[in-house]
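This is what each chain is made of:
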Amino acid sequence: MQQADFLVKGKVTDNTGAGLPGVSVLVKGTNLGTTTNFDGTFSLSVPDQNGTLIFSFIGFVTQEIPLNGQTIFSVKLLPDAKALEEVVVVGYGTQKKTSLTTAVASVSGKELTEQAPSGDLRKVLQGVAPGLTVLDNGGQPGNNKIQMQIRGISSVNGSEPLVLVDGQVQSLNDIDPNSVESVSILKDAASTAIYGSRGANGIILITTKKGKKGPLKINYEGVYGLQDPTVLPDFMNTEEYLRYRNVLAANQKKRNPNSSLPTYTEQEIQDYLAGMETDPIKFPAASYNMRDIYRTAPQTRHSLTLTGGGDFVQSMANVSYFYQEGLIWERTYERINLRLNNNFKLHKTLNAHLNLYYQNAERKTQATGFAEYEAIQGLHNQTQKYGLGGGLIYDADGNYIPKGARKTNPRLEADTDYMGLRKNTPRFYTIDAGLDWEPVEGLTFTGKYGVQNTSERESYNIPKWNLGFAAYNNNSLYFNNGDVTRTTLNLLANYQKSFKRHNISALAGYAVEEFKDEWQDMLGQNFFNNEIINIGTGTQENYTIRNGLNEWGLRSYFGRVGYNFDDRYFAEVSLRSDGSSRFPTGRKYSQFPGAALAWRVSGESFWEKFATVVNDFKIRYSYGQTGSHDGIGNYAYIPQLALSQGYGFTTGPGGEYVVNTVIQNNMASENLSWEKVTQHDAGVDLAFLQNKLNVTFDVFDKTTNGILLDLPIPGVIGLNAAKTNAGVINNKGWEFSTSWRSSVNGLNYNLGAGVASVEDKLVDYAGLGITVLNGMYYRAEGTPLYAIRGYKTVGIYQTDDEAKSSANVEAWAKQIGAGDYKFEDVNQDGKIDPNNDFQYLGDRTPKYTFNLNLGADWKGFDLNMLWNGAAKVQTVITGTIGEVGQYNNSPIITYFRNNYWTKEGDTDVYFSRPLWQANNNLEPNSKDVHNADYFRLKSLVFGYTLPTTLTQRIALNKVRVYFSGTNLLTISSLMKNWGVDPEDAPVSGAWQGLISGDSNATRHIYPAQLKTFNFGVNIQL
């Protein structure tokens, strides 16, 4: 006979005796529970009078109370001192969150993996903290183009923050998120000044999990997922395209009477469409099905973590495996990580640690070819009657079908049997060993030594082949072996002492960092066949072998002193002196100071009457200076000689002997110095209602002086100019974040939001005028670093007379007519030219970034959502997609359909009349600049934890199953109109894609941004 439930009642109060509403009351080991009413009372039917009740509430210590047959309870919850004194990792130490005087954001590893489980920690960090901008720019396996910035762009020579994992420089891409204990983001210069020249762009501190005393605990996570593009461009169908070509031909004929572009009668169009049904090879379509190029690709991830230990040693071991296939065929990435962290108790005053990490990875892709590009570029031959080139990939026999103009095939461009296979196999390890000695209470001496090594082999083998319509006649074999070693030594002395209401801390340190990069590569070509290939068997004239070596080092002395009185008044100063091998004698060292003050207003006696509402209130100010030695070579101050064939001369009777000469290419400079970043920050931290609601607000002003620039020198010198410290960049902005945690009726929930604003400006460009970076992107004094310029379009000419009577670009003046763009004549001189009429049209760097996170759990179910976005940001679309079939024989996006000028009165269309190849409308203009604002569901996680009464029957502590997705929903006009992801931005170093001529800066044809659907399980033993 089943035992009947019985009723328990009671009241929950705080330490003052006031009733606490919303306290969670749960029967341990079940999902049965309730929450207290507005006065703190509760009642609950329980199945077992010998069970245990768990009382939990945000900001209070959780209590477990056995029933023991009792039915009436009076429970007092005490404030959670640990929650109030959360410890945050800072430079070379930790601090209580309540005593922080600088701008530091922190997040636990648990929060990261719950909000956005992923194999890439960089993606997990996106949207978690205001001021940290993460641009996720495409999904090539193992080569995700992800760029991070903290508080804007500090320099034209690089703005990536320094990442330290357990004190060692490391890539975030190397880390399994399941092994992360916490992440701290140091944003202001006072917090980063202790790192001197390493902290100019902000710092991200990763602390990995450590072993804990206790029995062995095992945690396993397995995930299987599918990847899709977030968006793909949608093109006109074949009928629409043929009719568009009639319009194009008519416009071109009017512009140029000698034009011979073909046209199509209605009957020819219908016949062509009918032919596509019966013979799609003879009658190609106007575009490819993009799903024939981009597939749904799988990925999988496994992670196993073991922790435990005794009095002498505590250990954490983690092994993880990640495998990802690309959206483009025959692209894969495979990675294995091993981490072992050990803490040793050698003596009551002496501790040691030994942390080991190893990673083995392999990335495969095509050695040559560009499938994404060939899917849309050069698809048609506009001058032929039927020169279309889309549609089918293969014929009936499985052979590749050549497309129209370029006579290749996008799937051929992805086929490693023809394009060759490129393999990158990096192997990476770190060894981190250290001792901590505390001879007297409060005084600790620490010695840490770390070694990192990356050994990477890159190889590719391109065969010779001939398919008739396309061929490759020069087979080749290439090897590159690189070996990078970094060693670090840190010697620290820490002192902490509290007496009465005075608290002091002091740090003194010495650090040495050495870096060595060696590489060798070999290339052989023109082998006898594709089967017998060895570097030495190629033709001698096409055989090359090279090697190189780069070294640099840093030596640093640093210190920090902190003082607080009664946890109310805080002061901290720091100083670091860095010496770099990249600078000449007399300029090697520079000093970087930092200072911060804070007043915890809520600690004052007069604040007691407000404490029940605002329980914590702190005001902060900080100042600091950091530096950078990026942007120059390792030996730029030394005249360097290079072997050159350019200045070679010949000898011998017939000139058969070539003698190479040694020449100097670049000027050396002994006046090089550090780029220095000076930053002021003011902030306020607030906590309401026993830490249920938290608010942080910061304003900052950051200036970089001595930016290294290439200043012009007279050509008669015959050398390239040396770098010069000449530029000035300023970043100003603010950050706001808030969070709320509470419970109601057994539902625990949290809400968070953050907004950041930053504007960068090139204050001093040393008289360089305007530098064109790539197409419409430029740099000039007084503008953002990645500004956009061109003609401002002020309408479309409706008649030929209007066009002829207006100011026009001189090169096209005689051809401009009705339907062409009208540009603003800025200086009113009656003509349009770039020197006088180009103007600022936008900025590729977002002014605003924001995030919103929502989380809840109820009776074993949990839900987490992370939204993020950007505003006041523009991008340029030209080239293959942006020229809408007028120049590069490409298919035409549907946004162009019925949205271009055809007749007088068409004033509400976006595009000008279609024309063929170079014309006025393809001049750089504001119609090429598009709003890249977006709001995106970055991650969604929904999980369920099985009841412990069930899992304990099979000897498991916890089993959780979940679904997670990334980029599931995006609100973006760019995505809607153009089929381009709004995060599709050129990224590499300091946005070098814009500088180096990277075509994706404007063509947007790199691998698409990823949308993922993942199913996972987490098991704890």
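Per chain, residue numbering runs from 1 following the sequence as it is written. Reporting in this predicted model follows two pLDDT cut-offs: at least 70 for local features of residues, and 80 or more for side-chain atom pairs to be given and counted; totals over whole chains, interfaces and linings ignore these cut-offs and use all residues. To obtain the side-chain values, all non-hydrogen atoms of the structure were included, while hydrogens and water were left out.

Inclusion rule: UniProt positions are given in the numbering used here, feature names are shortened, and annotations may be inferred rather than shown by experiment.
Taking an unreviewed UniProt entry as the reference, the chain is identified by name as SusC/RagA family TonB-linked outer membrane protein belonging to Adhaeribacter aerolatus. The Subcellular location (unreviewed entry) field of the UniProt record for the chain holds the comment "Cell outer membrane". The annotation that UniProt attaches to the chain under Sequence similarities (unreviewed entry) is "Belongs to the TonB-dependent receptor family."

**What to know about the overall build of the chain**
Our working rule: A run of H or I in DSSP counts as a helix once it spans at least four residues, and a run of E counts as a strand once it spans at least two, with each numbered from the N terminus. Note that the radius of gyration is over C-alpha atoms, with the globule rule given as 2.2 Å times the number of residues to the power 0.38. Reported accessibility uses the Shrake-Rupley method at a 1.4 Å probe radius. Residues are deemed covered only where the shown protein chains occlude them.
Scanning the chain for helices and strands turns up 15 helices and 50 strands. Here the chain has a C-alpha radius of gyration of 33 Å; the compact-globule value for 1021 residues is 31 Å, and the two agree. With the C-alpha coordinates aligned to their principal axes, the bounding extent of the chain is approximately 100 × 75 × 70 Å. Just so you have it, the chain exposes about 44300 Å², and 54% of that area is on carbon and sulfur atoms.

**Topic: the side chain of Asn 851**
Quick note on the threshold: Note on classification: 1.4 Å probe, protein chains only; a residue is buried when its accessible area is under 20% of the maximum for its type, exposed when over 50%, partly exposed between these limits.
Counting through the fold element by element, Asn 851 comes out in strand 44 (residues 848-858). Taking relative accessible area as the criterion, Asn 851 reaches 8% and is therefore assigned buried.

**Things to note about the nonpolar core**
Convention followed: Among buried residues, those of type Ala, Val, Leu, Ile, Met, Phe, Trp, Tyr and Cys that are joined through side-chain atoms within 4.5 Å constitute a nonpolar core. Contacts are assigned to residue pairs with any non-hydrogen atoms lying within 4.5 Å of each other.
Counting residues in each nonpolar core, the largest one holds 65 residues, and the members touching the most others are Tyr 244, Ile 881, Ile 892, Ile 893, Phe 896, Phe 911 and Trp 978. Elements that contribute at least two residues to this core include exactly helix 5 (238-255), helix 6 (266-278), strand 42 (821-823) and helix 13 (973-978). Not counting the four nearest positions on each side in its chain, Phe 896 is found in contact with Met 236, Tyr 244, Val 884, Phe 911 and Pro 914.

**Comments concerning the environment of Arg 576**
Which entries qualify depends on this criterion: For the purposes of these results, a polar contact is taken to be a pair of N or O atoms within 3.5 Å, where, inside protein, one atom must be able to donate a hydrogen and its partner to accept one; residues adjacent in sequence count only when each atom of the pair is a side-chain atom.
Locating Arg 576 in the fold gives a position in strand 29 (residues 569-580). Residue Arg 576 is classed as buried on the basis of its relative accessible area, which comes to 4%. In sequence terms Arg 576 and Ala 193 are 383 residues apart; their C-alpha atoms lie 6.9 Å from each other. Not counting chain neighbours up to four residues away, the residues in contact with Arg 576 comprise Tyr 92, Ala 193, Ile 194, Tyr 195, Gly 196, Ser 556, Tyr 557, Phe 558, Ser 590, Gln 591 and Phe 592. Side-chain polar atoms of Arg 576 contact the side chain of Ser 556, separated by 2.9 Å.

**Side note on the pattern of salt bridges**
Quick note on the threshold: For salt bridges, the criterion is a side-chain nitrogen of Lys or Arg within 4 Å of an Asp or Glu carboxyl oxygen.
Counted under the stated rule, the structure contains 39 salt bridges. For Arg 291, the salt bridge is made with Asp 228, and the minimal N-O distance between the two is 3.1 Å. One end of the pair, Arg 291, is in the loop between helix 6 and strand 18 (297-309); the other, Asp 228, is in strand 17 (residues 214-229), with 63 residues separating them in the sequence. For Arg 291, a relative accessible area of 36% puts it in the partly exposed group. Its salt-bridge partner being Glu 362, residue Lys 364 comes within 3.8 Å of it at the nearest N-O pair.

**Quick notes on the side chain of Ser 580**
With respect to the helices and strands, the residue Ser 580 is situated in strand 29. For Ser 580, the side chain forms a polar contact with the side chain of His 629, separated by 2.9 Å. When residues no more than four places from it in sequence are discounted, the contact partners of Ser 580 are Gly 553, Leu 554, Lys 588, His 629 and Trp 674.

**With respect to the sheet that holds strand 39 (residues 777-780)**
So the rule is basically this: Criterion used throughout: strands pair if DSSP finds at least two bridges between them. Lines fitted to C-alpha atoms define the axes, with helix axes restricted to the stretch in contact, and inter-axis angles between N-to-C directions lie between 0 and 180 degrees.
Taking strand neighbours across the sheet as the criterion, the four strands line up as 38-39-40-43 in an open arrangement whose pairing is antiparallel. Of all the strands in the sheet, the pair left with one neighbour each is strand 38 (770-774) and strand 43 (839-843). For this sheet the average axis-to-axis angle between neighbouring strands, irrespective of direction, equals 45°.

**Here we look at the packing of aromatic side chains**
Under the convention used in this document: When two rings of Phe, Tyr or Trp (its six-membered ring) have centres within 6.5 Å they constitute a pair, described as stacked for plane angles under 30 degrees, edge-to-face for angles over 60, and tilted for the intermediate range. We call a charge positioned above a ring when the Lys NZ or Arg CZ atom is no farther than 6 Å from the ring centre and deviates by at most 35 degrees from the ring normal.
Throughout the structure, instances matching the rule amount to 41 aromatic pairs. Note on Tyr 241 and Tyr 244: the rings are 6.1 Å apart at their centroids and 35° apart in plane angle, and the pair reads as tilted. One end of the pair is Tyr 241 and the other is Tyr 244, both in helix 5 and three residues apart, which spans about a single turn. Neither Tyr 241 nor Tyr 244 differs from the other in exposure class; each is buried. On the numbers, 6.0 Å between centres and 65° between planes, the contact of Tyr 357 with Phe 428 is edge-to-face. Of this pair, Tyr 357 sits in strand 21 (residues 350-366) while Phe 428 sits in strand 22 (residues 421-440), and the two are 71 residues apart along the sequence. Accessibility classification places Tyr 357 together with Phe 428 in one group, the buried group. Taken together, the ring pairs connect Tyr 241, Tyr 244, Tyr 895, Phe 896, Tyr 900, Tyr 910, Phe 911 and Trp 978 into an aromatic cluster. Cation over ring: Arg 411 sits above Trp 329, and NZ or CZ is 3.9 Å from the ring centre. In this arrangement the basic side chain of Arg 789 is found over the ring face of Tyr 778, its NZ or CZ atom lying 5.2 Å from the centre.

**Considering unusual backbone geometry**
Despite not being glycine, Lys 500 has its phi angle at roughly 55°, a positive value. According to the relative accessible area criterion, Lys 500 is exposed, its value standing at 85%.

**Some words on the sheet that holds strand 6 (residues 63-66)**
Across the sheet, which stays open at both edges, the four strands sit in the order 3-2-5-6 with antiparallel pairing between neighbours. Two strands bound the open sheet, and with one partner strand each, they are strand 3 (33-35) and strand 6. Across the sheet, the mean angle separating the axes of adjacent strands is 20° when strand polarity is ignored. In this structure, strand 2 (residues 24-27) lies alongside strand 5 (residues 52-56), joined through four bridges in antiparallel fashion. Bridging across to strand 5, Val 27 finds its partner in Leu 53.

**Topic: a nonpolar patch on the surface**
Quick reminder of the rule: Every patch collects residues that have over 30% relative accessible area and no salt bridge, joining them within 9 Å if they carry like charges and within 5 Å if they are nonpolar side chains (Val, Leu, Ile, Met, Phe, Trp, Tyr).
On the surface, Leu 304, Val 319, Ile 336, Leu 338, Leu 340, Leu 354, Leu 356, Tyr 358, Tyr 429 and Ile 431 cluster together to form a nonpolar patch covering roughly 700 Å² of accessible area. Of all elements in the fold, only strand 20 (332-347), strand 21 and strand 22 reach the threshold of two or more residues within the nonpolar patch. Along the chain, the position of Val 319 falls in strand 19 (residues 313-325).

**Some words on the environment of Tyr 333**
For Tyr 333, the position within the fold is in strand 20. Tyr 333 sits 30 residues away from Arg 363 along the chain, and the two C-alpha atoms are 4.4 Å apart. Not counting chain neighbours up to four residues away, the residues in contact with Tyr 333 comprise Pro 141, Gly 142, Asn 173, Phe 322, Tyr 323, Gln 324, Ala 361, Glu 362 and Arg 363.

**Considering the pairing of strand 17**
In terms of strand pairing, strand 17 meets strand 18 through 12 bridges, oriented antiparallel. Bridging from a neighbouring strand, Val 223 pairs with Arg 301 of strand 18.

**Here's the deal with helix 6**
Worth spelling out the cut-off: A helix is expected to span 1.5 Å for every residue after the first. Arc, as used here, means the arc of the directions from the helix axis to the C-beta atoms.
Between the first and last C-alpha of helix 6 there are 19 Å, a value that for 13 residues agrees with the 18 Å anticipated at 1.5 Å per step. By the burial criterion, the buried members of helix 6 are Ile 269, Tyr 272, Leu 273 and Gly 275. Considered in projection along helix 6, the buried side chains sweep an arc of 160° and stay on one side of the axis. Opposite the buried face of helix 6, at more than 90 degrees from it, the exposed residues are Gln 267, Glu 277 and Thr 278. Where helix 6 is buried, its residues meet helix 5.

**A short note on helix 5**
With 18 residues, helix 5 ought to run about 26 Å at 1.5 Å a step, and its terminal C-alpha atoms sit 25 Å apart, in line with that. As for helix 5, its buried residues are in contact with helix 6. Between a side-chain oxygen at the N-terminus of helix 5 and the backbone nitrogen of Glu 239 the separation is 3.2 Å; the capping residue is Asn 237.

**Structural notes on the environment of Thr 488**
Secondary-structure assignment places Thr 488 in strand 26 (residues 476-499). For Thr 488, a relative accessible area of 10% gives the class buried. The sequence separation of Thr 488 and Glu 514 amounts to 26 residues, and the corresponding C-alpha distance is 6.6 Å.

**Observations concerning the packing of helix 5 against helix 6**
As a reminder, the rule being used: Any angle that falls under 35 degrees is termed roughly parallel, while one over 145 is termed roughly antiparallel, one within 65 to 115 roughly perpendicular, and all others oblique. By convention, the crossing between two helices is left-handed when the near helix turns anticlockwise from the far helix through less than a right angle, and right-handed when the turn is clockwise. For this scheme, ten residues count as nonpolar: Ala, Val, Leu, Ile, Met, Phe, Trp, Tyr, Cys and Pro. Four count as charged, namely Asp, Glu, Lys and Arg, and the remainder, Gly too, count as polar.
The N-to-C vectors of helix 5 and helix 6 enclose an angle of 150°; their axes lie 10 Å apart at closest approach. One way to sum up the angle between helix 5 and helix 6 is to call them roughly antiparallel. Of the two elements, helix 5 crosses helix 6, and the hand of that crossing is right-handed. Where helix 5 approaches helix 6, its residues Thr 238, Glu 239, Leu 242, Arg 243 and Asn 246 are matched on the opposing element by Glu 266, Ile 269, Gln 270, Tyr 272, Leu 273 and Met 276. Looking at the contact of helix 5 with helix 6, its residues break down into five nonpolar, three polar and three charged.

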